[in-house]
Amino acid sequence: MKKKSCNRAREAIESLGDTRRGHQGWLSLRRHVRRCPDCGAYLARTESVIEALDEIQRVSAPDELLEAVMDGLIPELFYESPAVEESSRGRRGLLVLAGAAGIGVTAAVALAARRHKVGQNGEEELTSIGTA
Amino acid sequence: MAPRRLSRDGSEEARLVERCRQGEVEVFATLVEMYQDDVYRIIYRMIGDREEARDLAQEAFMRAFEGLATFNVKKPFRPWMCRIAANIAIDHLRRQDHPNDIPLEAVFDAGADREPPVPESDGPEGAALSHEVSDIVWRELLGLQVNWRAAIVLHHMEGMSYSEIGDILGVPRNTAKTWVHRAKGELCRSLEGVI
């Protein structure tokens, strides 16, 4: 069965790392653990855990994190860019279509004019043949 | 790259936040520089995986950027940023099917990127014991249930008060305190027979 002093010591040990113990409190804990091997082992384990946890603080962020964050942010902020590009691409497409249509119409008109001319020439030729 | 000094009163951070809000996006890089170690450390020690921690740290900063409009510049930036990081790590752990699975990489990498101070008088045996203790503590830490793990990481590694931890984890101050003590108790138990 644990003694009252052991319970007090355990409470003090569990609060290690939380608050600074007064000098007297620390001395009385030290006195107790010298007499009580169980509490002494518990104190040693707790101190080791706190030391090990302190070591964890040495980890640093990888070098590429900053770049990754900013790379992730910039396209988001200029989200309009792809849309603008898309719309200008759309406009370019329309221009190409209009151009193609224009060429098509011009070609059709030219072809029709040529046919008309050929037709006229043909008639003239027929006429000339008939006349001949 | 040398880390930027954090301003004591948070005024530098407040100025940077204001500039970001006004559209100076590139200024956010300075805030990332100032807090990337804090954010990455919290997440890595809760997750235990470098790659995931990096991705989640990135997510934390993206979320922070999106939330800058709602950030109260009269309050300190660090707790706000750490809260986002912790919540992202907690959400990630809760989403996992087996949150207590410990990636071995975490245990051994944790040992690889730190250099525990070994008292000279300890000699090789002391150094071996120190490494053994550290590895046991890391392994046990990563195996703790999510809330306890979060509580002890934030308290012992980030120096947060129980009230701050309670705010982040959405529990009363005393619950946060109980979780820290239980977590510490579990870690101590893992050393029984070793120390």
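Look a little higher up for the structure.
Attention in this report is confined to the structure presented alongside it. Keep in mind it's a predicted model, so treat the numbers as computed, not measured.

### Structural notes on the interface of chain B and chain A
The interface of chain B with chain A comprises 42 residues on the first partner and 34 residues on the second. A buried area of about 3,500 Å², summed over both sides, lies between chain B and chain A, and 72% of it is on carbon and sulfur atoms. At the boundary of chain B with chain A, the tally comes to one salt bridge. Here arginine 45 of chain A ties to glutamate 192 of chain B by a salt bridge, and the two come within 3.9 Å at their closest N and O atoms. For the pair chain B and chain A, the number of links is five residue pairs in polar contact (both at pLDDT 80 or more). Breaking the side of chain B that touches chain A down by element, the ones donating at least two residues are helix 2 (28–47), helix 3 (50–67), helix 6 (123–143), helix 7 (146–157) and helix 9 (173–190) of chain B. If you tally residues by element for the side of chain B that touches chain A, the top one is helix 2 of chain B, at 10 residues. Tallied by class, the residues present in the side of chain B that touches chain A amount to 24 nonpolar, six polar and 12 charged.

### Quick word on the packing of helix 1 (residues 11–21) of chain B against helix 2 of chain B
Residues and elements named next belong to chain B. For the pair helix 1 and helix 2, the least separation of the axes is 9 Å and the interaxial angle reads 145°. Helix 1 and helix 2 meet at a crossing whose hand is left-handed. On the side of helix 1, the interface is formed by Glu12, Glu13, Leu16, Val17 and Cys20, while helix 2 contributes Phe28, Thr30, Leu31, Met34 and Tyr35. Among the residues making up the contact of helix 1 with helix 2, the classes are represented as seven nonpolar, one polar and two charged.

### Concerning the packing of aromatic side chains
Residue and element names in this part refer to chain B. Applying the stated criterion across every chain, the model contains seven aromatic pairs over all chains. On the basis of an interplanar angle of 75° and a centroid distance of 5.0 Å, the ring pair of phenylalanine 28 and phenylalanine 65 is categorised as edge-to-face. In this pair, phenylalanine 28 is assigned in helix 2 and phenylalanine 65 in helix 3, connecting sequence segments 37 residues apart. Across this residue pair, the class does not change: phenylalanine 28 and phenylalanine 65 are buried. Consider the rings of phenylalanine 71 and phenylalanine 77, whose centres lie 5.4 Å apart with planes at 80°: the pair is edge-to-face. By the burial criterion, phenylalanine 71 is buried, and phenylalanine 77 matches it. What links up through ring pairs into an aromatic cluster is the set Tyr35, Phe71, Phe77 and Trp80.

Each value, and the rule that gives it
- Residues numbered from 1 in each chain as written.
- Chains lettered and ligands numbered in written order.
- Predicted model: local features only at pLDDT ≥ 70, side-chain atom pairs only at ≥ 80, totals over all residues.
- Heavy atoms only, no water.
- Contact = heavy atoms within 4.5 Å.
- Buried area = accessible area lost by both parts, 1.4 Å probe.
- Salt bridge = Lys/Arg side-chain N within 4 Å of Asp/Glu carboxyl O.
- Polar contact = N/O pair within 3.5 Å; in protein donor to acceptor, adjacent residues only side chain to side chain.
- Helix = DSSP H or I, 4+ residues; strand = E, 2+ residues; numbered from the N terminus.
- Nonpolar A, V, L, I, M, F, W, Y, C, P; charged D, E, K, R; others polar.
- Axes fitted to C-alpha atoms, helices over the stretch in contact; angles between N-to-C directions.
- Left-handed = near helix turned anticlockwise from the far one by under 90°.
- Phe/Tyr/Trp six-rings, centres within 6.5 Å; stacked < 30°, edge-to-face > 60°.
- Buried < 20%, exposed > 50% of the residue type's maximum accessible area, 1.4 Å probe, protein only.

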